[in-house]
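Letter by letter, the chains look like this.
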Amino acid sequence: MAVTTFTLNGQQQRLDVEPDTPLLWVIREACELTGTKFGCGRGLCGACTVHLDGYPVRSCSFPVSLAEGKTITTIEGIAPSEEELHPVQQVWMEQSVPQCGYCQSGQIMAAVALLKQNPEPSDDAIDSAMSNICRCGTYPRIRTAVKEAAQRIQSASMVTIVEPQEAAL
Amino acid sequence: MTTLSRRSFFKQSAALGGGIAVAIHLGGCGSEPVYPGDRENALQPNAYLQVTPDGKVVFQLPRAEMGQGVYTGLTTLAAEELNMPAEQIVVEHAYYHPEFRDPEFQMMMTGGSVSLRNNFMPIRQAAANLRAWLRAAAAQQYKVSLDAVELSNGQVLVEGREPVGFGELIETANSLPVPEKAPLKSPADFSQIGRHSVRLDARDKVTGSARFGIDCTVPGTRTAVMRRCPHLGGRVKSFDASAAKAVKGVEAVFEVNGGVAVVASGYWPARKAADALDIQWDKGPLAGLDDNTLRQRHEKLLQSEGRQVAEVGDAEAVAGERMTARYRVPMLSHSPMEPPNALVQVSENRVEVWTGTQVPDTAIGVVAAALERPREQIIVHNQMLGGGFGRRLVPDYIVEGARISARTGHPIKLVWSREDDIQHDYYRPAAMAELSATVDNGKVTSFSGKTVVPSIMGQIMPMFAEAAMPEWLPPAIPRSLAGLLKHVDTSMTEGLGDTNYQFPYKKMETVHDDTPIPVGFWRSVGHSQNAFFTESFIDELAHRLGQDPVEFRLMHMPHDSRRYRALKLVAEKAGWGRPTPGQFQGVAAHDAFHSSVAQVVTASVEGTNIRVHKVVCAVDCGLAVNPDIVIAQMESAIVFGLTAALKAGITLEDGKVKQSNFHDYPMLSLAETPEIEVHIVPSTDAPTGVGEPGLPPVAPALANAVFAATGQRLRELPLRLG
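Small disclaimer: the values here were computed from a predicted structure and weren't measured.

Brief notes about the overall build of chain A
Right, so step 1: Looking only at helices and strands, chain A features six helices and five strands.
Right, so step 2: Compactness check: chain A gives a C-alpha radius of gyration of 16 Å against a globular reference of 15 Å for 169 residues, within 12% of the reference.
Right, so step 3: A burial count over chain A gives 54% of its 169 residues as buried.
Right, so step 4: Here the analysis covers contacts within chain A between residues at least 6 apart in sequence; of these, 60% occur between residues at least 24 apart.

Right under this line is the structure:
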């Protein structure tokens, strides 16, 4: 066992875990955040996607030791508040993207990361970034929702000149 | 007294199409269990609905939500009759109760695309009764006539008063009789049924807060994983657990269910230890079997005499030149995104199960049998299902969890890996068919065929019988039923011998492949392969006769049928016959689960690479309770069906599944998903199946498009250009 420290959804974590434990199981079992899902255990399906310093990683095959000192965000950590959803979540909900819903945390985390890197993704960019598997076949709606979320984030950023943190001061 | 009418049993053992129609009447002398979710001081007119003292309406969702939308669809039925927004209703996954048994399948289960069809009236009636009860109570309490009382927006409006909360009427209502046949709303007055609305489970599913079986835990829970014999049907001979026991966090390693279980503090130590086990296997009955021997076996069986399942018309009509074609489909795994798992806590007088299952009834039956406990002790807390597709009709993983919990005395969360899932499924069986027609003078004079396929019901019935059979029946009886059922299992030929194509003579036979390969109900079941056989061969016939594939089909089916209307509509919407240059169209139309779906696939071919550009789909499913969910289910089934049409199947080597994870058992990706356009045929008929019927036509429509593009007739799935 070894002590690992990282930031999870804004909270400092200090855990005594086996260093080779995949981050997924630390998040789900030790930190009790179950929105991040186990789908394949080999980084193939993306159901376990979380953000590590803002970049999407497949946590089922990412040893917790590599998360040392990093900032991790899960599906539970992307909404601005309890009442408000992240624009990607909001569009996902309005367009009834989820069916069984099991892969959707990972899909949304992949989409949020994509839009951060590329605010106006082309179809090709969506094709390569959104490689998570959905057995229910929600792909057509994911494509539409990513585009709609991109537009909303863009138009929101045009009117929101003041950063929320600054506004709070 | 409980009676079992054998005759009606066999007669009505119709397509499970994902289920089993069993006409067993479970009268019985015992008292009915209390309504599920029973709350103190609540108003409870029936098993489905309650009003709590604070005025909330609680709906017991009697079917499993696995993506197909019952959470929204069935709640909408109750909301409509209660005149309140569906979002205001508290939805709970129902516990087992006899009133939740499906009238066709005689068990509480979700499958066969029957959820809306068979609950359309009962749930509306249950809600209408509650509405009538509340109105009567308000009229009495406020001494007004019934006409002066109406329900609106989750409250009771009484003329001349402020709106009254439902909770304020509980006491008065309880002093009045429960209405049983209150009038239902006229469809003309529907304000929610038939309208577009956001799924009620969408919010929880975008925030990560929706709870699936794998997310459940109770104090003291240990995680278990299992190693099962990789050779299907085999079992453990001996094993060395020393390396496994050395893994930190491992608590126990023992043999169970023919495999080896590892119990540990969490998933990772359990998995590491399981990988470290050194196990000698007894390869079991399928040792030596591979894909070639399976193919040869089917070819040989095709030569044997079949059981006739359909014969229509006059055999004298057979005349002219004969054309014959042979088709084949591979085994397929369901692979829902949430691997099978169950949390089971076995205690002295109670066995609690937290899991996602399509068959709470069967789960209770098999756990009771496995632990030798009465059914009443088994409680299934059903959760959201991370995909079902028929996989969660088999409760094998629940029994594993139950046995491990019973053995260790701890609550056990048993979790399968993706490898476990792909290598230990109850597979869509491999099947082969030979179809044949005679053509005389430019006309088809006969259409016949023979299929070789295992009987799913024959294999699975004994397990279902644990749930559906009266308990006094000796255990040997259900087992022997399996042998008989293979003679009546309509899922073997559904969509093959029962299409509405009209030819002077039609005949269909089936040969039972009595195999120990585990087989199960895979989304659309027999239709998943039989539509590929039928709709490919019909296309071959059209081309042979030099006729347009759409025209040929329309000409040979009743003009007043749903399928005719769906096909007409899809041809029009897809611009049939006018594809973009360089692209090619293929069509298929199929009836399944009482609905009709027709699809036009547009594809192109580069080298040996098949690219699907667009799928236009028309569906007639009666009244679309939630049209957006109908569209979503068509999209879903098309993607599911395209995976089967284009991606690898399950193949065997020495009785062992060769594929293990999504790298060698791939799924269609977003990048490969075509544009999908869905049209719903307007209808006022009662709702019919939606979750499965969109799947069968897509593979043949694509194969037919590939033929249009290349002149190559691909008669096997997955489609591979040579």
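Considering the overall build of chain B
Right, so step 1: Broken down by element type, chain B carries 18 helices and 28 strands.
Right, so step 2: Rg of the C-alpha trace for chain B: 27 Å, near the compact-globule value of 27 Å for 722 residues, within the 12% margin.
Right, so step 3: Projecting the C-alpha coordinates of chain B onto the three principal axes gives extents of approximately 80 × 70 × 50 Å.
Right, so step 4: Out of the 722 residues in chain B, the part that is buried amounts to 57%.
Right, so step 5: Sequence separation of at least 24 residues holds for 77% of the intrachain contacts in chain B that already meet a minimum separation of 6.

A closer look at the confidence of the model for chain B
Residue and element names in this part refer to chain B.
Right, so step 1: Averaged over all residues, the pLDDT of chain B equals 92, while 92% of them reach at least 70.
Right, so step 2: Across residues 1–31, confidence stays below pLDDT 50; counting only partners more than four residues off in sequence or on other chains, it has 69 contacts.
Right, so step 3: For this predicted complex, the interface score ipTM comes out at 0.94, alongside a pTM of 0.94.

Re helix H1 (residues 23–30) of chain A
At 3.6 residues per turn, the α-helix brings residues three or four places apart onto the same side.
Right, so step 1: Counting buried positions over the eight residues of H1 of chain A gives seven, a clear majority of the element.
Right, so step 2: Taken together, the buried positions of H1 of chain A are Leu23, Leu24, Trp25, Val26, Ile27, Arg28 and Glu29 of chain A.
Right, so step 3: Where H1 of chain A is buried, its residues meet strand E2 (11–17) and strand E3 (49–52) of chain A together with helix H7 (267–276) of chain B.
Right, so step 4: Glu32 of chain A sits one or two residues past H1 of chain A and shows a positive phi near 55°.

Topic: the nonpolar core
Residues and elements named next belong to chain B.
Right, so step 1: Judged by nonpolar contacts, the single largest core of 264 residues is most densely connected at Val262, Val367, Val570, Cys617 and Leu702.
Right, so step 2: Among the elements that line this core, the one with the most residues is helix H3 (residues 115–141), at 13 residues.
Right, so step 3: If we ignore the near neighbours within four places in the chain, the residues touching Val367 are Val351, Val353, Ile378, Ile398, Val399 and Ala402.

Considerations on the interface of chain B and chain A
Interface extent is often summarised as the accessible area lost during association of the parts.
Right, so step 1: Taken together, the contacts link 46 residues of chain B with 44 residues of chain A.
Right, so step 2: Broken down by secondary-structure element, the contributors of at least two residues to the side of chain B that touches chain A are helix H5 (202–207), H7 and helix H17 (627–646) of chain B.
Right, so step 3: Taken together, the residues of the side of chain B that touches chain A sort by class into 22 nonpolar, 14 polar and ten charged.

Observations regarding the sheet that holds strand E24 (residues 595–606) of chain B
Residues and elements named next belong to chain B.
Right, so step 1: Spatially, E23-E24-E25-E28 is the arrangement adopted by the four strands of the open sheet, whose pairing is mixed. Looking at the sheet topology across the chains shown, the edges are occupied by strand E23 (584–592) and strand E28 (675–680). Here the average twist between neighbouring strands, direction ignored, is 20°.
Right, so step 2: Here strand E25 (residues 609–620) runs beside E28; their pairing, made up of six bridges, is parallel. Across the sheet, residue Val616 finds its bridge partner in E28, namely Glu677.

Regarding the sheet that holds E3 of chain A
Neighbouring strands of a sheet are bound in pairs by backbone hydrogen bonds; such pairs are parallel or else antiparallel.
All names here are of chain A.
Right, so step 1: Pairing is mixed across the open sheet formed by five strands, whose spatial order is E2-E1-E5-E3-E4. Two strands in the sheet have a free side with no partner beyond their single neighbour: E2 and strand E4 (55–58). In this sheet, adjacent strand axes meet at a mean angle of 40° when their direction is disregarded.
Right, so step 2: Relative to E2, strand E1 (residues 2–8) runs antiparallel, the two being bridged by seven bridges. Within E2, the position partnered with Thr5 by the bridge is Arg14.
Right, so step 3: Seen against the sheet, helix H3 (residues 104–117) touches E3 and E4 and runs at an angle of roughly 35° to E3.

Some words on the packing of H17 of chain B against helix H18 (residues 698–710) of chain B
The packing of two helices is summarised by the inter-axis angle and the distance between the axes.
Residues and elements named next belong to chain B.
Right, so step 1: Across the interface, H17 lies against H18 with an axial gap of 8 Å and an inter-helix angle of 55°. Between H17 and H18, the angle falls in the class oblique. For the pair H17 and H18, the sense of crossing is right-handed. Contacts from Ile638, Gly641, Leu642, Ala644 and Ala645 in H17 reach Val698, Ala699 and Leu702 in H18.
Right, so step 2: Of the residues assigned to the contact of H17 with H18, the class counts are seven nonpolar, one polar and no charged.

Notes on the environment of Gln13 of chain A
Residues and elements named next belong to chain A.
Right, so step 1: Take Gln13: it is sitting in strand E2.
Right, so step 2: For Gln13, a count of 17 C-beta atoms within 10 Å translates into the label partly exposed.
Right, so step 3: Linking Gln13 and Glu68, residues 55 residues apart in sequence, is a C-alpha distance of 10.0 Å.
Right, so step 4: Each residue touching Gln13, except ones within four places of it in the same chain, is listed here: Thr5, Phe6, Leu8 and Cys31.

So, the environment of Phe532 of chain B
Residues and elements named next belong to chain B.
Right, so step 1: By secondary structure assignment, the location of Phe532 is in helix H14 (residues 526–544).
Right, so step 2: Considering only alpha carbons, one finds Phe532 and Tyr71, 461 residues apart in sequence, at a separation of 31 Å.
Right, so step 3: Look past the residues within four positions of Phe532 in its chain and what remains in contact with it is Tyr327, Val329, Ala699, Pro700 and Leu717.

Observations regarding the packing of helix H9 (residues 360–371) of chain B against helix H10 (residues 396–408) of chain B
All names here are of chain B.
Right, so step 1: Interaxial distance between H9 and H10 falls to 9 Å at its minimum, and their mutual angle equals 35°. For the pair H9 and H10, the crossing hand works out as right-handed. Along the contact surface, H9 presents Ala363, Val366, Val367, Ala370 and Leu371, while H10 presents Ile398, Val399, Ala402, Arg403 and Ala406.
Right, so step 2: Among the residues forming the contact of H9 with H10, the class breakdown is nine nonpolar, no polar and one charged.

What to know about the pairing of E3 of chain A
Residue and element names in this part refer to chain A.
Right, so step 1: Two strands pair when backbone bridges link them, and E3 and E4 are joined in this way by four bridges, in the antiparallel orientation. Among the inter-strand pairings, Thr49 is bridged to a residue of E4, identified as Arg58.
Right, so step 2: Here E3 hands over to E4 after two residues, with Asp53 in that stretch at a positive phi of 50°.
Right, so step 3: In this sheet, strand E5 (residues 71–73) lies alongside E3 in antiparallel orientation, the contact comprising two bridges. Bridge assignment links His51 to a residue of E5, and that residue is Thr73.

Definitions and limits used
Residues numbered from 1 in each chain as written. Chains lettered and ligands numbered in written order. Predicted model: local features only at pLDDT ≥ 70, side-chain atom pairs only at ≥ 80, totals over all residues. Helix = DSSP H or I, 4+ residues; strand = E, 2+ residues; numbered from the N terminus. Rg over C-alpha atoms; globule rule 2.2 N^0.38 Å. Buried ≥ 20, exposed ≤ 12 C-beta atoms within 10 Å, placed from the backbone. Contact = placed C-beta atoms within 7 Å. pLDDT = per-residue confidence, 0-100. Core = buried A, V, L, I, M, F, W, Y, C linked by C-beta atoms within 7 Å. Nonpolar A, V, L, I, M, F, W, Y, C, P; charged D, E, K, R; others polar. Pairing = 2+ DSSP bridges. Axes fitted to C-alpha atoms, helices over the stretch in contact; angles between N-to-C directions. Parallel < 35°, antiparallel > 145°, perpendicular 65-115°, else oblique. Left-handed = near helix turned anticlockwise from the far one by under 90°.

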